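Structural overview
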Amino acid sequence: MSSERAASSSSSPYSLQRGKACSNCRKRKIKCDGLRPTCTQCLRSARPGDACEYADSGRTRTQMLEDNISRLEARIRELEEPDDENAVRLHLPYNFSSQSTPALMVPPQTGSSIRGSALSSPTNTQRNSNSPSIASSSGHGSTYSTFQEEPPSDVVHQLLSTFLPHALDMGFFLNVSRFRNSALLPLPLGHYSRPCAGLLSTVYLLGLHLSGDLNNQESVYLARALAHTANILSSTHPQRIIHAIQAETLLSVYFFRTGRILEGKYHMSAAVSLTLGTQLHKIRALPVGSGNPSVSPLQQIGVAGPLLSPPIDQIEEGERINAFWIVYTLSNCWGVAVGTLSSAVFESHGSTIDTPWPLDMTDYEQVMLNASRASWTYGADFESLLTSQELLPAEHYSVMTVQNFLRQVPSSSVKEFSTMAMFAKASILLDKSANIASLYRSDMNADEASRFGATFSSLNNLIDNFQSSLGFLPLNQHASSSYEFGTILTTHTLAYTATIQLHSVFINNNSHSRRKALSAARACVAILRQVDMSVMSHINAVLGSCWTTVCQVFIDEIKRLRRTSTATAGVGIAGGSRLHSRSSRTENWGISEGSLDSISDGEEAQLKGMLEKVFATMAVFSIESPLIGYQLATVQEAFQSM
C-alpha cells in the first residue's frame, strides 16, 4: 500500500487544479495532494467523522446531509406558516407566560407540624369559580391550560362528593375528613397545606370515573394524574411519600377496574416498592430482643434509617399503618385475580411483617379524641406527657403478624376483628390458598405429599375458623350505603372464595373437595341475596374475579350432573373406584372421601338460578367496570356452550 501511495505521489503534481481538492481540504483551506482514496492531509489528521471525499466522485455525504437539512427547514416553514387555513399549525405547548411561572411556596416557620417547604404546581392559579373547566377549554393554548389547571371549584366539590363515599373500596387509606378539608383549601395546586398534586389529580380522575364521565374527559384527567404522580417524589411536599403510595394504589385500582391489567400491575408494583422501601411493614414492631428476630442487613449496619418523620398524632400514625395493609391486601387480591403480583416480597430474605393489624379510621379518631379529652381534664402537663409517650395504646405492638396468623397463634392486637383487619386476613387466606393449590403435583413422592397434606389441612382448618369468625363482622348490621359496607361484603366473599381456590385442584376427583367448593359458592350467592345490591352504586372490582370463580364452580357442577345418569349403580361404582385410586394421597389431608352425592330433582335448576343471580349482579356493575363486563361475558359464554 505504501509503495502504491509513493508511486501515485511521484506521478501527481504538487498542486491540483482548482476544484479538484477533497472536501475536507477545501473546508480547512489547506493544500491537497489529491491522493486517493485518502489524501495525505486527511491521512495525517485522521479525525473521526471526517471522510476524504471528492466532488467528481458523485454527491458527497456532506452534500446529502446539507440537502436533507434544507428540505426539513423548508417543511418546518411550511407547517409554521401554511397557506391552507385548515392546516394544523405548530406551536410551543409549554411556552407559558409569566403568570404561570412556577412559584416557590415557602410555608410559615411557625408550628412543629410543618416539616419543610413545597413547590407549587406548574401554575399557581388560584382555584375558584372563574377557573376554566376541563370540558370548556379550547383554542391553540388549551393543551397546556387543560393539562395543568384544576377543575372549577364546583366541579371539584362534585368529584370529591362522588369519590369519597366509596374511597375505601378504591383503596383509600387516608383520613377522609382531613383529606377533604385540605383538598378544598383555596390554595394553588401543589401547596404544602393541600394534598400533593398527583394525589389530588388521581382522586379527581376516580371521581370522574365513578360519575360516568358524561363529557368524555377521562383521558384528560388520566394524563394529568399520571404526569403529576410521576413527579410526587421529586417535590418537597412534607407528605410526598405517603401521598405517592396512595396515588399509585388508586391508579392501580383504576387500571384494574378498566381492564388495563398491565398498567394496573405496574402501579401496584410501584405502591408495593414504596411501601417496602419506607419500612411500613415494620411500624410498631417489637424491639429486637423482645421476641422480634427480624432485622434487615442494612438496619444492622445502620444504613437503612427511617425515611418518614415521626407522625404528628394518632390519626397520622393510623394512616401509615393502614397504608401498609391496604397495599398488602390489594396486592394479595389482585395477585390471585390477574396473576404475577406477589406480596411475598415483604417476607423475603428473612424479613417478616411486624406492623400490627389495622384499626378502622374511626378507632384512630377515637384514640385521639380520648387523648384530647384527657388533655382538657389534666391540663398542659398531661399534654406534654402524652406527646412524649406512645400515640396509640402500648399493647398495640406486633411481631410476625402474618406468620402468627397462619400458625393460629393468639393475637394481642387491640381490635383484631376490625373491618380493616378482617379484610387483610381474608386476602391472606385467598393468596395462600391459590399458592398452595398451585404447588400440587400428581407425581409428588411420599415426603412431598406428606408436607403438602399438612400444609393443606392446616390452611383448610384456618379458613373454616375464619369463616366462623365472620360473625364479628355481620353484613346485616351495616347499611348498604355505609362507608365500610363494601369492604365487609368483599371480606365475606374473599373468605369463601379462598375455600374454592384451595380445593380447586381436587374438585374433579374428590367428592369432599367438590362439596366444600360448592358449599362455598352457595354461600357467596347467599351473601348477594341478603344484600340490597340496588343501593350499591360502586363495589371493589376484585369481586368480579370472585364471582367468576363462583360461576365456574356452578358450571362445572351442572356439567357433572349432565354427565351422570340418575344414580345408577354403574356410575356409583365407577366414581367410587376413581376416588379409591386417590385415597392413599388424600386420606390424611383433612379430605374425607365419601361417595358421590345423589342427584336430587331440580338440583340443576337450583344451580341455574344461582348462576342467574350472579350474572345479574355482575351485569349491574359491568357498566362501571369493563373488567367485570369482560368476566361476565366469559362465564356466560362458558354457560351457553355447555
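Fair warning: this is a prediction, and the values are worked out from it, not measured in the lab. (Residues numbered from 1 in each chain as written. Predicted model: local features only at pLDDT ≥ 70, side-chain atom pairs only at ≥ 80, totals over all residues. Heavy atoms only, no water.)

1. Examining the overall build of the chain
So the rule is basically this: Strands here mean DSSP runs of E at least two residues long; helices mean DSSP runs of H or I at least four residues long; both are numbered from the N terminus. It only takes one pair of heavy atoms within 4.5 Å for two residues to be counted as in contact.
Regarding its fold elements, the chain presents 25 helices and two strands. For the chain, long-range pairs separated by at least 24 residues make up 73% of all intrachain contacts whose partners lie at least 6 apart in sequence.

2. Remarks on helix 8 (residues 197-211)
Condition: The length a helix should cover is 1.5 Å for every residue beyond the first. Only protein chains enter the area calculation, which uses a 1.4 Å probe; residues under 20% of their type maximum are buried, those over 50% are exposed, and those in between are partly exposed.
With 15 residues, helix 8 ought to run about 21 Å at 1.5 Å a step, and its terminal C-alpha atoms sit 21 Å apart, in line with that. Burial runs high along helix 8: 14 of the 15 residues are buried. With its phi angle positive at about 105°, glycine 212 sits one or two positions after the end of helix 8.

3. Notes on the packing of helix 20 (residues 511-529) against helix 21 (residues 542-563)
Applied cut-off: Here an angle of 0 to 180 degrees is reported between the N-to-C directions of two axes, which are lines fitted to C-alpha atoms, with helices fitted over the stretch in contact. Should an angle fall under 35 degrees it is called roughly parallel, over 145 degrees roughly antiparallel, and 65 to 115 degrees roughly perpendicular, with every other angle called oblique. Note: crossing handedness is left-handed where the near helix turns anticlockwise from the far helix by less than a right angle, and right-handed where it turns clockwise. Following the grouping adopted for this structure description, the nonpolar residues are Ala, Val, Leu, Ile, Met, Phe, Trp, Tyr, Cys and Pro, the charged ones are Asp, Glu, Lys and Arg, and the polar ones are all others, Gly among them.
Orientation of helix 20 relative to helix 21, taken along the N-to-C sense of each, is 125°, at an axis distance of 9 Å. Overall, the two elements helix 20 and helix 21 adopt an arrangement that is oblique. Judged by the sense of rotation from one axis to the other, the crossing of helix 20 with helix 21 is left-handed. Residues Arg514, Ala517, Leu518, Ala521, Arg522, Cys524, Val525 and Leu528 of helix 20 lie in contact with helix 21, whose contacting residues are Trp547, Val550, Val553, Phe554, Glu557 and Arg560. Within the contact of helix 20 with helix 21, the residues separate by chemical class into ten nonpolar, no polar and four charged.

4. Observations regarding the confidence of the model for the chain
How we decide: pLDDT measures how confident the predictor is about each residue, on a scale from 0 to 100.
Residues at a pLDDT of 70 or more form 73% of the chain, whose mean pLDDT is 78. Under a pLDDT of 50 for its full length, residues 571-585 has, in the predicted model, 17 contacts with residues more than four places off or in other chains. In the predicted structure, residues 593-598 sits below a pLDDT of 50 and forms 19 contacts with residues beyond four places in sequence or in another chain.

5. Quick notes on helix 10 (residues 240-257)
With 18 residues, helix 10 should reach 26 Å at 1.5 Å per residue; the first-to-last C-alpha distance of 25 Å fits that figure. The buried fraction of helix 10 is high, at 17 of 18 residues. Just downstream of helix 10, glycine 259 is the residue with a positive phi angle, here 80°.

6. Quick notes on the pattern of salt bridges
As a reminder, the rule being used: Salt bridges are identified by distance alone: a Lys or Arg side-chain nitrogen within 4 Å of an Asp or Glu carboxyl oxygen.
All told, the structure shown has 15 salt bridges when counted by the stated rule. A salt bridge links arginine 194 to glutamate 150, with the nearest nitrogen and oxygen atoms 2.7 Å apart. Note that arginine 194 is positioned in the loop between helix 7 (176-183) and helix 8 and glutamate 150 in the loop between helix 5 (142-148) and helix 6 (153-163), a separation of 44 residues in sequence. Exposure remark for arginine 194: the relative accessible area of 1% places this residue in the buried category. Arginine 260 serves as the salt-bridge partner of glutamate 263, at 2.8 Å between the closest nitrogen and oxygen.

7. Notes on unusual backbone geometry
The amide bond that connects arginine 36 to the next residue, proline 37, takes the cis arrangement and shows omega of 10°. In this fold, proline 37 is placed in the loop between helix 2 (23-28) and helix 3 (40-45). Even without being glycine, glutamine 279 reaches a positive phi, approximately 60°. Topologically, glutamine 279 is positioned in the loop between helix 11 (261-277) and helix 12 (297-300). Using a relative accessible area of 24% as the deciding quantity, one classes glutamine 279 as partly exposed.

8. Let's talk about the packing of aromatic side chains
Just so we agree on the cut-off: Pairing of aromatic rings covers Phe, Tyr and Trp, the last through its six-membered ring, and needs centres within 6.5 Å; plane angles under 30 degrees mean stacked, over 60 mean edge-to-face, and all others mean tilted. For a ring to carry a charge above it, either NZ of a lysine or CZ of an arginine must fall within 6 Å of the ring centroid while also lying within 35 degrees of the normal to the ring plane.
A full pass over the atoms with the stated rule returns 17 aromatic pairs. Ring centres of phenylalanine 324 and tyrosine 328 lie 5.5 Å apart, and the angle between their planes is 20°; this geometry places the pair in the stacked category. A residue pair is termed a helical-turn pair when its members lie 3 or 4 positions apart in one helix, as phenylalanine 324 and tyrosine 328 do in helix 13 (residues 314-338) at four residues. In this structure, phenylalanine 324 and tyrosine 328 share a single accessibility class: buried. For the pair tryptophan 325 and tyrosine 328, a centre-to-centre distance of 5.7 Å together with 85° between the ring planes defines the contact as edge-to-face. Of this pair, tryptophan 325 and tyrosine 328 both sit in helix 13, three residues apart, which is roughly one turn of the helix. Taken as a pair, tryptophan 325 and tyrosine 328 share a single burial class, namely buried. Here the basic side chain of arginine 36 rests over the ring of tyrosine 54, its NZ or CZ set 4.1 Å away from the ring centre.

9. Observations regarding the packing of helix 17 (residues 419-439) against helix 18 (residues 446-469)
Where helix 17 meets helix 18, the closest approach of the two axes is 11 Å, and the angle between their N-to-C directions is 155°. Between helix 17 and helix 18, the crossing angle belongs to the class labelled roughly antiparallel. Helix-helix and strand crossings are classified by hand; for helix 17 and helix 18 the assignment is left-handed. In contact with Met422, Lys425, Ala426, Leu429, Lys432, Ser433, Ile436 and Leu439 of helix 17, helix 18 contributes Phe452, Thr455, Phe456, Leu459, Leu462, Ile463, Phe466 and Ser469. Its residues placed into classes, the contact of helix 17 with helix 18 shows eleven nonpolar, three polar and two charged.

10. A word on the nonpolar core
Keep this limit in mind: We call a set of buried Ala, Val, Leu, Ile, Met, Phe, Trp, Tyr and Cys residues a nonpolar core when their side-chain atoms join them within 4.5 Å.
In this structure, Phe163, Phe179, Trp325, Leu489, Trp547 and Phe554 are the most contacted members of the largest nonpolar core, which totals 135 residues. Within the second largest apolar cluster, eight residues are counted, among which are Cys32, Cys39, Cys52 and Tyr54.

11. Digging into the side chain of threonine 329
Mapped onto the fold, threonine 329 is located in helix 13. Ignoring any residue separated from it by four or fewer positions in sequence, one finds threonine 329 in contact with Phe423, Ala424 and Ser427.

12. Regarding the state of the cysteines
Put simply, the rule reads: Two cysteine sulfurs form a disulfide in these notes if their separation is within 2.5 Å.
The final tally for this structure, using the stated rule, is zero disulfides. No disulfide involves cysteine 524; its sulfur sits 7.1 Å from that of cysteine 546, the nearest cysteine. Given the relative accessible area of 3%, cysteine 524 is considered buried.

13. A short note on the environment of leucine 307
Along the chain, the position of leucine 307 falls in the loop between helix 12 and helix 13. For the pair leucine 307 and isoleucine 241, spaced 66 residues apart in sequence, the C-alpha to C-alpha distance is 8.7 Å. If near-sequence neighbours (up to four positions away) are discounted, leucine 307 is found in contact with Ile241, Gly277 and Thr278.

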